[in-house]
Amino acid sequence: MNQRRWVGMAFWAVTALLAAGSGFLSVSPPGSVDGSSVNLRLGDFETRVGDVGFAATFTGRDGTALSDTVGWNQVGDSVFATRSNGEWVQVGHISSIASPDANTVSLQQERVLQIRWHVNPAIAEHVEFVSYRSTGRMEEVVAMLLPAEKRERLRERIAEAVDRHGDAIARSMLPLVGESIRESLPVIEAALVESLARHQKTVDALVGKYQLEIVQQKLAPIAKEEILPIIRRHGEAPATEIGQEVWSRAPLWQFTWRALYDQSPLPKKELVKEEFRRFVDDEVVPVIEEHMDDIVVAIQKTLADMAANQEIRRALMEAAEEITSDPEARQLARTVISEAILENDRLLAIWQRIWRSDRARLAMRQAGDRLEPVLRGIADEIIGTRADGISPGFARALRNQILGKDRSWIVARPSREPKSSSDKRELMRAPEPMIYPVIYLANPDKDATEAIAD
């Protein structure tokens, strides 16, 4: 035991002498350090004395004051940097925040943040400070729970499940979905008509406003200048050919004497109407059917040219944006949709009858039996397992969303222009969002024996 104690004391003594003599605890002088050498120096330091000595040697040194106009950070927020291998390490934290002088008037309220370093404070001369904040939006939570590697694994799991069970689940579920749609559409349509009738005054007011502001002032000129030439270019030829054939078949004599007969005092009337109905059914419809292919081609070309026309697209987008941004129109749309779908008792009764039936229960039970292993695997990926504990991403999400932790932090990133200790340092606002860094307190590649030996 004494021998091990003396060996340990000798090791730390030699380490301290090497540190004092070689100067690797300091940062390279200004002008010779770029972004990569800052990280490399941190890496060298960790390699020589290890994380314990790294923290114990310098913890508690106040050395850098930051001028803060961002206003996100609080006392205790961490300051992170990256090691040479890309891993994050906490290099300090905010120890105090000084409020501005009450007699000072400024447009931006400036605070002074004091950084307490866990590493050599001289590194502050070669980094710049960027403030980050978690907004709590859904995309941030998803990024915490599902980093890129995990998303790829889940995608492969889901793709495999779809290949294996997709056809069977579709055969059991699609009839229920189809029945729901067929029975729901007439009910929704009737409810929409009823809701619009209840709000007819609002609809009329909006239609009158849009008729003047959008249709007449914006869409009518576009229709005249852009849409009509396109329709004429593609539709004039088939329309002319159809018109000539219909005119050649028109029974002018029958129309003439029947019109005269209708004007006479004779008892039977409306002969012109009967003759026109016969003419349409026997002559016009066959002509149109013969030219249906030409009509379809003309419509397709017209729609394609209209879709490719930038002026038409711009006018329609502006009109749609103006309507959707109108508070009255948005409120009317929300009210109508709510009354027609969300508050529609008849629609709810249809869905309950279909999806609570024995056939639906059997289909969902069969689908659940097929998908349960996949869903459990996905849950294990996201949340964790009893054997391994909760996943790091889920732990971060819990801390952030439930406990309100890790909401703001600072990143010390390498700067190309070294700063002297007397220069005023400013905290910059992050240009883009970022997920709170993960700090590994243990090396997962080492087993317990290697960790003890180290």
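Caption draft 1: Representation of the pairing of strand β2 (residues 78-82) within the structure. The buried fraction of β2 amounts to four of the five residues, a majority that puts the element mostly inside the structure. Relative to strand β3 (residues 88-98), β2 runs antiparallel, the two sharing five bridges. Its bridge partner lying in β3, V79 is registered against G92. Between the end of β2 and the start of β3, which pair antiparallel, lie five residues, with G86 showing a positive phi angle near 95°.

Caption draft 2: Fine view of the environment of M428. Position of M428 relative to the elements: it lies in strand β9 (residues 425-429). The exposure class assigned to M428 is partly exposed, which follows from its relative accessible area of 31%. Here the alpha-carbon distance between M428 and D68, two residues 360 residues apart in the chain, equals 7.8 Å. In this structure M428 touches V70, E128, F129, V130, S131 and R413, once residues within four positions along its chain are discounted.

Caption draft 3: Focus on unusual backbone geometry. Residue D406 is not a glycine yet carries a positive backbone phi of 55°. You can call D406 buried: its relative accessible area is 15%.

Caption draft 4: Geometry of the environment of S95. Its place among the elements puts S95 in strand β3. Separated by 21 residues in sequence, S95 and Q74 place their C-alpha atoms 9.1 Å apart.

Caption draft 5: Geometry of the nonpolar core. Counting 17 residues, the largest nonpolar core has L66, V91, I115, W117, F129 and I410 as the members making the most contacts within it. Taken together, the elements giving at least two residues each to this core come down to β2, β3, β4 (111-117), β5 (127-133) and β8 (408-414). Grouped together as the second largest cluster of nonpolar side chains are 11 residues, I169, L176, I188 and A360 included.

Caption draft 6: Summary view of helix α4 (residues 148-198). Taking 1.5 Å per residue as the helical rise, α4 with its 51 residues ought to reach 75 Å, whereas the 50 Å between its terminal C-alpha atoms falls clearly short. Along α4, the sharpest kink reaches roughly 60°, centred on H165.

Caption draft 7: Broad picture of a nonpolar patch on the surface. Taken together, I383, I390, L398, I402 and L403 make up a surface patch of nonpolar side chains, about 480 Å² in accessible area. In this fold, L398 is placed in helix α13 (residues 392-401).

Caption draft 8: Fine view of the confidence of the model for the protein. Of all residues in the protein, 74% have pLDDT values of 70 or greater, and the mean over the chain is 75. Taken element by element, the predicted model of the protein shows its lowest mean pLDDT in helix α14 (residues 448-453) (32) and its highest in helix α11 (residues 345-355) (92). Every residue in residues 1-60 is under pLDDT 50, and counting partners more than four places away or in other chains gives 69 contacts. In the model, residues 444-454 has pLDDT below 50 throughout and makes two contacts with residues more than four positions away in sequence or in other chains.

Caption draft 9: Representation of the packing of α4 against α11 within the structure. The N-to-C vectors of α4 and α11 enclose an angle of 170°; their axes lie 9 Å apart at closest approach. The orientation of α4 relative to α11 falls into the category roughly antiparallel. Contacts from M173, L176, V177, E179, S180, E183, S184, V187, I188, A191 and E194 of α4 reach α11 at R346, L347, I350, W351, R353, I354 and W355. Classifying every residue of the contact of α4 with α11 gives 11 nonpolar, two polar and five charged.

Caption draft 10: Broad picture of the packing of aromatic side chains. One pass over the full model with this rule turns up five aromatic pairs. Judged by centre distance (6.5 Å) and plane angle (80°), the ring pair of F80 and W88 falls under edge-to-face. Ring plane angle 50° and centroid distance 6.1 Å describe the contact between W117 and F129, whose orientation is recorded as tilted. Pair noted here: W117 is in strand β4 and F129 is in strand β5, with a separation of 12 residues, a long-range link. Exposure class is identical for W117 and F129. Each is buried.

Caption draft 11: Main features of the packing of α4 against helix α10 (residues 327-342). Between α4 and α10, the shortest axis-to-axis distance is 8 Å and the interhelical angle comes to 140°. Between α4 and α10, the angle falls in the class oblique. When you trace α4 past α10, the crossing you get is right-handed. On α10, the residues touching I188, A191, L192, S195, L196 and R198 of α4 are T335, V336, E339, A340 and I341. Grouping the amino acids of the contact of α4 with α10 by side-chain chemistry returns seven nonpolar, two polar and two charged.

Caption draft 12: Local environment of the pairing of β8. In terms of residue burial, β8 counts as a mostly covered element, since five of its seven residues are buried. In the sheet, β2 pairs with β8 via two bridges, with the strands oriented parallel. Bridge assignment links V79 to a residue of β8, and that residue is I410. With seven bridges joining them, β5 and β8 adopt antiparallel strand pairing. Among the inter-strand pairings, E128 is bridged to a residue of β8, identified as R413.

Criteria and thresholds
- Residues numbered from 1 in each chain as written.
- Predicted model: local features only at pLDDT ≥ 70, side-chain atom pairs only at ≥ 80, totals over all residues.
- Heavy atoms only, no water.
- Buried < 20%, exposed > 50% of the residue type's maximum accessible area, 1.4 Å probe, protein only.
- Helix = DSSP H or I, 4+ residues; strand = E, 2+ residues; numbered from the N terminus.
- Pairing = 2+ DSSP bridges.
- Contact = heavy atoms within 4.5 Å.
- Core = buried A, V, L, I, M, F, W, Y, C linked by side-chain atoms within 4.5 Å.
- Expected span 1.5 Å × (residues − 1).
- Bend = angle between axes of the 7 residues up to and from the residue.
- Patch = residues over 30% accessible without salt bridge, like charges linked within 9 Å, V, L, I, M, F, W, Y side chains within 5 Å.
- Areas by Shrake-Rupley, 256 points an atom, 1.4 Å probe, with all protein chains shown as cover.
- Salt bridge = Lys/Arg side-chain N within 4 Å of Asp/Glu carboxyl O.
- pLDDT = per-residue confidence, 0-100.
- Axes fitted to C-alpha atoms, helices over the stretch in contact; angles between N-to-C directions.
- Parallel < 35°, antiparallel > 145°, perpendicular 65-115°, else oblique.
- Nonpolar A, V, L, I, M, F, W, Y, C, P; charged D, E, K, R; others polar.
- Phe/Tyr/Trp six-rings, centres within 6.5 Å; stacked < 30°, edge-to-face > 60°.
- Left-handed = near helix turned anticlockwise from the far one by under 90°.

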